[in-house]
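Each chain, written out:
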Amino acid sequence: MDGEPLVRWRWIGDHLGYLWGLLRDHAVISLVPVLIGLALALPLGLLCTRFPRLYQPLAAVFNVVYALPSLAVFVVLIPYTGLATQATVMIPLACYALAVLLPTTVDGLRAVPEPVRQAATALGYGPWRRLAAVELPSAVPYLVAGLRVAAVSSISLASVGALVGRGGLGYLFIDGFQRTFPTPIVAGIVLVALLALVTDAVLLLARRLLAPWAVRETVVGR
Amino acid sequence: MIRFDGAGKRHPDGTIAVEGLDLTVPAGRTTVLVGPSGCGKTTILRMVNRMVEPTSGRVLLDGTDVAQLEAAKLRRGIGYVIQQAGLFPHRKVLDNIATVPYLLGWDRKRARTRAMEMLELVGLAPETGKRYPYQLSGGQQQRVGVARALAADPPLLLMDEPFSAVDPVVRAGLQEELLRLQSELNKTVLFVTHDIEEAVRLGDQIVVLREHGRIGQVADPATLLNAPADEQVSAFLGRDRGLRGLALRPAAGIPLVPHAEPFEGWTLTVDEHGRPSGWQRAAASETVRQVAVFQPGVDTLRTALDSAVLSPARAAVAVDGDGRVLGLAPRAAVLDALDAAGPQAAALTDEAAWEAAEAAGEPAGIPADRVPDPGQEPGQDPGSAPDPDSDPAPDPAPSGSGAGHGR
């Protein structure tokens, strides 16, 4: 890389359309799995709250999934989903998202204070109706906190997908590394960070709109 | 009317929460279940709306076994207030109050109009309706809890230690408010507390409970304080039950002396409105700024006695509704009123117990335990009143007790 500047602005100027395409691809393969994870976590979480015995086994399964290295899972999936298809990357990412979102959903649904739960029952909510009208809205701050973790980790992991042919901005890292040309790497890092920041801001806005009553920051560990 | 017919609750692990309870909760009045923690009072309350299913016996609501009613529907017809209010944190106050109307399928506008009325009924400003529960004080939250319970106008209200979590001043205000509401609405109220003071203040009928929901005594407040069924009930009422009983009797008919002249060397000074401003000793330049007063006919004998005890001149200060001094009631006169309160006290007591006391040779109007004797063991009721609990369904509305207990 001798003599090569960290950023060649002309290269960026020449590749704006290409970069935009990669950014869009990256947003889709990283964030759609999070939405799929959420769509699965909500019904599973409700089931686990209604039938608490389900929760431990399910949580254990998804914890194991979460522990698997992403690259290994991509490779394992290639024979079934094909090389360079979105599914190869999105299926594992959806599983990771679910692994984060299932516990936060269940925590959120359980976070309803006991007096609130009892008042709801005493006023005449049936169990399912209570889940939908009282527990689910109360879980929103937890869900958003979980979504923030899941989305950012998904955005970061999606880059690895470039190694199996579908990684959005991840290409820029491979490209720059192979050519010892730092400009795409820097552009990739900046764009990944930007995507993460914008996603986070959107989630925070959603939280403010959906749960204006939640004054304290809800922290989710993972 | 609620009737517990041998209702009992045995937990799956074999522990007994409530053992065969027989009790009638009369319609349109306040019945207070009072007892130490773990006596099963909350369990009894929850049997009514099926949050606890009895394992033996039945609970009848206006003659219908509640077990035959659909739980959710049954509950929408019963107001319920709990200790920490249990408001829904994600809903604004107005929507919290409108919960049951929404559940009953009222349209949004009607439900919200109703919620607005309820807000006013419990003494909260209209703009409170737009707030979230976390923006309210504990006392305000509890008021909202009461409004929510009343929103669909249920004939029956279950209250589980609703005022225990707020500080004493706020609690007194909430109790006052409940008495006011109840005098307007005449709901059937079943109220649980561990605080005998609160029970005496709010209850038309008090049920003193022992462990496993066994009944110690069912009586109106005056009877309970004057004639505890046995030593255990008496011990639960506490040593100063005689003094507490005074809080049920109006301070009326105490002869007053003019306050213009010094009394026992002290002169009551008044401000330009005629309100008491302090006590002044004629001889020395000694003054006492705080003056404890009572309002004859409105306040109770307990307040009058308190005023007399606190006065340096040994005289209670009587004032009118505007706080203007009416005159002084010397301690002796107040003490005479305690004794001479016979007819008034009788009007406030279970007459049967009263007559029994007379028949047993008590001088009329002065039961032996009227003035507490510190040397006397609590509960040593000298063989006077028969056990008021011997009647399994005591008449909850003894004639004459409806006049209000001098509140």
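What you are looking at is a predicted structure, and each value in this text was computed from that prediction instead of being measured.

(A) Quick peek at the pattern of salt bridges. All names here are of chain B. In the structure shown here, the tally under the stated rule is 25 salt bridges over all chains. In this structure, Lys 73 and Glu 70 form a salt bridge, with 3.6 Å as the shortest nitrogen-oxygen distance. In this structure Lys 73 comes out as exposed when scored by relative accessible area, which is 57%. According to the relative accessible area criterion, Glu 70 is partly exposed, its value standing at 49%. Asp 320 is paired through a salt bridge with Arg 324; the nearest N and O atoms lie 3.5 Å apart.

(B) Local environment of the pairing of strand S15 (residues 315–319) of chain B. All names here are of chain B. In terms of residue burial, S15 counts as a mostly covered element, since five of its five residues are buried. Covered by surrounding structure in S15 are Ala 315, Val 317 and Val 319 together with Ala 316 and Ala 318, the residues of both alternating faces. Two elements, strand S14 (residues 293–294) and S15, share two bridges in a ladder whose sense is parallel. Bridged to Val 293 within S15 is Val 317. The β-α-β motif built from S14, the intervening helix H12 (residues 301–310) and the parallel element S15 has right-handed crossover chirality. Counted along the chain from S15 to the antiparallel partner strand S16 (residues 325–330), the turn is five residues long, and its residue Gly 323 has a positive phi close to 90°.

(C) The arrangement of the sheet that holds strand S13 (residues 287–288) of chain B in detail. All names here are of chain B. In space, the three strands of this open sheet follow the order S11-S12-S13, with antiparallel pairing throughout. What marks the edges here is a single partner per strand, and that holds for strand S11 (266–270) and S13. Across two bridges, strand S12 (residues 276–281) lies against S13 in antiparallel orientation. When the bridges of S13 are listed, Trp 279 appears paired with Val 288.

(D) Examining the sheet that holds strand S4 (residues 56–61) of chain B more closely. All names here are of chain B. What the four strands build is an open sheet, ordered S2-S1-S4-S5; its pairing is antiparallel. Bordering the open sheet on either side are strand S2 (16–25) and strand S5 (64–65), each of which pairs with just one other strand. Looking at chain direction, strand S1 (residues 2–10) and S4 are connected through five bridges and run antiparallel. In the strand pairing of S4, Arg 3 is matched with Leu 60. Packed on one face of the sheet, helix H1 (residues 41–48) meets S1, S2 and S4 and runs near 120° to S1.

What counts as what
Residues numbered from 1 in each chain as written. Chains lettered and ligands numbered in written order. Predicted model: local features only at pLDDT ≥ 70, side-chain atom pairs only at ≥ 80, totals over all residues. Heavy atoms only, no water. Salt bridge = Lys/Arg side-chain N within 4 Å of Asp/Glu carboxyl O. Buried < 20%, exposed > 50% of the residue type's maximum accessible area, 1.4 Å probe, protein only. Helix = DSSP H or I, 4+ residues; strand = E, 2+ residues; numbered from the N terminus. Pairing = 2+ DSSP bridges. Right-handed = clockwise from strand over helix to strand, strands pointing away. Contact = heavy atoms within 4.5 Å. Axes fitted to C-alpha atoms, helices over the stretch in contact; angles between N-to-C directions.

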